[in-house]
Amino acid sequence: MRLFSAAAFLACLRLYSQTDTIQLHVDATDVTSRLYHIRMTLPAKTGPMTLLYPKWIPGEHMPNGPIADLVGLKIQAGGQTIPWRRDSVNMFAFHIDVPAGASTLDVAFDFIAPPETGGFSSGSSTTPQLAVLSWNQLILYPEGIPPDQIQAHATLRVPDSWRYGTALPIAHESGNEIDFAPAPLTTLIDSPLSMGRHYRTIELGSDNGIPHYLNLAADSDRAMELSPELITEYKNLVAETGALYGSRHYRDYHFLLTLSDHVAHFGLEHHESSDDRVGERTLIDDASRKIEASLLPHEFTHSWNGKYRRPAGLATGNYESPMKGDLLWVYEGLTNYLGEILTPRSGLLTPEEFRDALAVTAAQLDTESGRAWRPLEDTAVAAQILYDSREDYTEYRRSVDYYPEGTLIWLDADVTIRQLSKGSKSLNDFCRLFLGGESGKPALKPYTFEDVVAALNAVQPHDWAGFLNKRLRSTEPHAPLGGIENGGWRLVYNEKASDYWHAYETEKKLVDLSYSLGMLVSEDGMIANVLYNGLARKAGVAPATRLVAVNGRQYSPTLLRETVDATAKNSNPLELLIRDGDFYKTYRIDYHGGPKYPHLERVDEKADLLSAIIAPLRKP
Ligand SMILES: [Zn+2]
C-alpha cells in the first residue's frame with residue numbers, strides 16, 4: 001500500500017479529470033450478498049460505439065472472463081437511457097449509438113460473485129469474512145483503444161471495518177472509501193485487491209528500496225498465526241529471487257494470500273502482486289503447508305517469467321485477441337521448475353521433502369499412458385481446453401502437463417549446462433540473462449522459441465533446439481528423467497510411503513494406488529481415476545464410480561490400504577464391490593505386489609547435482 005500526499009492527490013485529479021479517463025466506482029459493501037455494484041463514466045463520441053468486457057484473462061490462458069455474471073446493465077448519456085445490443089457472435093461486446101452532443105456515457109451494472117465453485121479468478125472469491133476483487137470483472141472499456149492507452153481512475157468502497165491490500169497505488173483513503181491513483185487499464189486489471197474482516201499484513205523486507213508484503217485475508221484470525229520460522233522462510237524467498245534474477249520489475253510486491261476453504265484454490269500471477277488462494281489452515285497445518293509450499297515461489301517467479309518476459313503468442317496487448325499457448329512450457333514450465341527449486345533454497349521445504357515431491361511428479365508423468373499419443377507440446381497448445389478437463393482418464397487424455405513436465409525438462413537443461421560447462425555455468429546464469437534485465441517499474445519483453453534457444457546458447461553452446469524439440473514432441477512411453485538421473489538420483493518404488501506422500505494423500509483426501517492397482521480412490525469412495533494401462537481398468541473398473549466394499553467389507557481408506565498391504569502375503573484375488581449409477585458389480589484383481597510408492601534414490605557413482613541445484617544462493 002502506498003499513500004500519496006494531499007498535494008499530489010490534487011495534482012492527479014487535475015491531470016486526470018479530463019474526459020479521456022474512465023471513472024470507475026465499485027461499491028463492495030454488498031459483497032457478502034455476493035454482489036458488486038459498479039458505476040462508470042466513459043468518454044464518448046457521437047455515433048456507433050462498442051463496449052467490451054475483458055475476455056482473455058492474462059495468466060489464465062483462456063477466454064474465461066465471467067460475462068454471464070454481468071447483470072443489470074444500464075447505459076445513459078445526458079440522463080437519457082441508451083438501448084444496447086449484444087454482439088450476436090462476440091458475447092463480450094455491447095453495441096450502442098451515442099446520441100448527438102453527448103461526450104460522456106454513464107454506465108451502471110452489477111457483478112454476481114459466484115458461490116462455492118472451482119476454477120480460477122472467476123470462481124468463488126467471497127465468503128462472509130473476505131473477498132478478492134479482480135478489476136477485469138468490474139469494468140467495460142471502449143473498443144478500438146489499446147488498454148495500455150486507456151486511463152482508469154478507480155474508487156472503491158469496502159465493507160465497514162474490513163481491511164485490504166493491493167499493489168495498486170492509492171491516492172487517498174477516507175473511512176471505507178479508497179481513491180486510487182489513475183493508472184493505465186492494464187495496470188488496474190493487473191492489480192487485484194484482497195479485503196476482509198480478518199486481515200494481516202506482514203513485511204517481508206526491502207531489496208534496494210523495493211518493499212515486499214504478505215497480505216493475509218482469512219476466514220479466522222487463527223489461520224493467520226503462522227510461525228516466525230515460516231515468516232523467515234518467506235523473507236528468504238525474497239532474498240533468493242534477488243540472488244537468482246539480479247533485478248526486480250515492480251515498484252513494490254504484494255503476496256495477496258487468501259486462507260479459506262470456501263474460495264476457489266489457485267494462484268494467479270501479476271507484475272506487482274499475486275492472487276494466491278489456499279485452504280484456511282494452510283499456514284498452520286503441516287501437511288497442507290508442505291503441499292502448498294511452492295505456490296508463493298511459483299507465483300512470485302512469474303513477475304519475471306510470465307509478466308516481464310512473455311511468449312509473443314500470450315502478449316496480445318488486449319483482452320479480446322485469442323492467446324496462443326505453444327510456449328507455455330516456458331511460461332509455466334520453467335516457472336514450475338524455478339518455483340520448486342526456490343522452495344528448498346528458501347527453506348520452505350527440506351531437501352528430502354523436495355526430492356519426495358519430485359518423485360511424485362516423476363512417477364506420475366513416467367506412467368502416463370497418454371504420452372504415447374499426445375506430445376507435451378500439444379498440452380500447451382491445447383491449454384485453453386485442458387484447464388477445465390475432467391479427472392477421469394486424465395492420465396490417458398493428459399492434462400496441463402507442461403507444468404510438471406516443465407520441471408523435468410528444465411531440470412534436465414540445468415543439469416546438462418552444469419555438466420557441459422564442468423560446473424562453471426548453470427540455469428541460474430540463463431535466468432539472470434533471460435529473465436533479469438534492468439530493474440524498474442513493470443515492463444513487458446515478449447519472446448519466441450528462437451530467443452529461448454539463443455539465450456541458452458549464450459550461456460552454454462549446445463544443440464538446444466534439438467534438445468527441447470526432442471522432449472516437446474516425443475511420444476515415447478517414458479518421461480524425460482535425464483535431469484534426475486544425471487543429477488545423481490534415480491526414481492524407484494518401494495512399500496514405504498514418504499512423509500511427503502502422506503501429506504499429499506491427506507491434503508488431497510485420497511488413497512493413491514496408481515503404482516499398485518492403478519487407481520485413485522477419494523476418502524468418500526469415489527474412484528476418481530483409473531490408469532488406462534493399470535490392473536483395475538484391465539479388470540473392468542471404470543473411473544467416476546463408487547467403491548462400496550473391499551473383500552466383502554464396507555470400504556474405508558484404512559481398509560483399502562491394509563488390504564493392498566496384505567496382497568504381498570496372500571494368493572487370493574482382491575475383490576472390489578463397485579456401484580456405477582444404479583448398478584452394483586464385483587471386480588476381481590489378481591495382484592500380489594503389495595503397496596508401491598515412488599522415491600528418489602541416490603546413485604553414488606554420480607555427482608549429486610540435484611543437491612547443488614537446491615542449495616541457497618543468498619549470502620548469509
Ligand atoms: Zn503459473
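Since the model is a prediction, treat every value here as computed from it, not as a measurement.

Asker: Quick question: what am I supposed to make of the environment of Leu348 here?
Answerer: By the element assignment, Leu348 lies in the loop between helix H7 (333-346) and helix H8 (351-366). Of the residues examined, Leu348 reaches a relative accessible area of 2% and is grouped as buried. Residues Leu348 and Gly118 lie 230 residues apart in sequence; the distance between their C-alpha atoms is 26 Å. Here Leu348 is in contact with Leu230, Glu233, Tyr234, Arg289, Ala293, Pro297 and Thr343, once residues within four sequence places are set aside.

Asker: Got a minute to help me understand the packing of helix H12 (residues 404-420) against helix H15 (residues 464-472) in this structure?
Answerer: The angle between the axes and the distance between the axes are what describe a pair of packed helices. At a minimum axis separation of 11 Å, H12 and H15 run at an interaxial angle of 150°. If you check the angle between H12 and H15, you find them roughly antiparallel. For the crossing formed where H12 meets H15, the hand is right-handed. Across the interface between the two elements, Ile409, Asp412, Ala413, Thr416 and Ile417 from H12 touch Trp464, Phe467, Leu468, Arg471 and Leu472 from H15. Residues belonging to the contact of H12 with H15 are distributed by class as follows: seven nonpolar, one polar and two charged.

Asker: Explain the sheet that holds strand S22 (residues 273-278) here, please?
Answerer: For sheets, the rule is that strands pair by backbone hydrogen bonds, running either parallel or antiparallel. As summarised here, the arrangement of the five strands in space is S18-S19-S20-S22-S21, forming an open sheet in which the pairing is mixed. If you trace the sheet from one side to the other, it starts and ends with strand S18 (198-207) and strand S21 (266-269), each paired once. Strand-to-strand twist in this sheet, taken as the mean axis angle between neighbours without regard to direction, amounts to 15°. Inspection of the sheet shows strand S19 (residues 210-218) paired to strand S20 (residues 253-259) by seven bridges, in the parallel sense. Within S20, the position partnered with Asn215 by the bridge is Leu256.

Asker: It is not clear to me how the environment of Asp219 should be interpreted in this structure. Could you clarify?
Answerer: Summarising the element assignment, Asp219 is placed in the loop between S19 and helix H3 (228-245). For the pair formed by Asp219 and Arg197, sequence separation is 22 residues and the distance between their alpha carbons is 8.1 Å. Discounting chain neighbours no more than four positions away, the residues touching Asp219 are Thr127, Gln129, Leu130, His198, Leu259, Ser260, Asp261, His262 and Glu280. At 2.7 Å, the side chain of Asp219 and the side chain of Ser260 are in polar contact.

Asker: I would appreciate a short explanation of the packing of aromatic side chains in the present structure.
Answerer: Any two aromatic rings considered together are summarised by their centre-to-centre distance and by the angle between their planes. On inspection of all chains with the given rule, the structure shows 27 aromatic pairs. For the ring pair Tyr141 and Tyr319, a centre distance of 6.1 Å and an interplane angle of 80° mean the geometry is edge-to-face. Residue Tyr141 is located in strand S11 (residues 141-142), and its partner Tyr319 is located in the loop between strand S23 (309-311) and helix H6 (328-331); the two are separated by 178 residues in the primary sequence. Assessed through its relative accessible area of 3%, Tyr319 is described here as buried. With a centroid separation of 5.2 Å and an interplanar angle of 50°, the aromatic rings of Tyr493 and Tyr515 are classed as tilted. Placement of the pair is Tyr493 in strand S25 (residues 489-494) and Tyr515 in the loop between strand S26 (510-513) and strand S27 (519-522), with a sequence separation of 22 residues.

Thresholds, definitions, all that
- All residue numbers refer to position in the chain's written sequence, counted from 1.
- Predicted model: local features are reported for residues with pLDDT of at least 70 only, side-chain atom pairs are reported and counted for 80 or more only, and whole-chain, interface and lining totals are derived from all residues.
- To get the side-chain values, take all heavy atoms of the structure and skip hydrogens and water.
- Runs of E in the DSSP output that reach at least two residues are strands. Runs of H or I that reach at least four are helices, and both are numbered from the N terminus.
- For every residue, the accessible area (1.4 Å probe, protein chains only) is compared with the maximum for its type, and the residue is labelled buried under 20%, exposed over 50%, or partly exposed between those bounds.
- When checking whether two residues touch, look at their non-hydrogen atoms; a contact exists if any pair is within 4.5 Å.
- Structural elements are reduced to axes, namely lines fitted to C-alpha atoms, with helices fitted over the stretch in contact, and the angle between N-to-C directions of any two is expressed from 0 to 180 degrees.
- For this classification, under 35 degrees means roughly parallel, over 145 means roughly antiparallel, 65 to 115 means roughly perpendicular, and everything else is oblique.
- Take the far helix as your reference; a near helix turned counterclockwise from it by less than a right angle gives a left-handed crossing, and one turned clockwise gives a right-handed crossing.
- Residues are sorted three ways: Asp, Glu, Lys and Arg are charged, Ala, Val, Leu, Ile, Met, Phe, Trp, Tyr, Cys and Pro are nonpolar, and all the rest, Gly among them, are polar.
- At least two bridges found by DSSP between two strands is the condition for calling them paired.
- Polar contacts, as counted here, are pairs of nitrogen or oxygen atoms within 3.5 Å of one another; within protein the pair requires one atom able to donate a hydrogen and one able to accept it, and residues that are adjacent in sequence qualify only if both atoms are side-chain atoms.
- In this scheme Phe, Tyr and Trp rings, the latter by its six-membered ring, pair at centre separations within 6.5 Å, and the angle between planes marks the pair as stacked below 30 degrees, edge-to-face above 60, and tilted otherwise.

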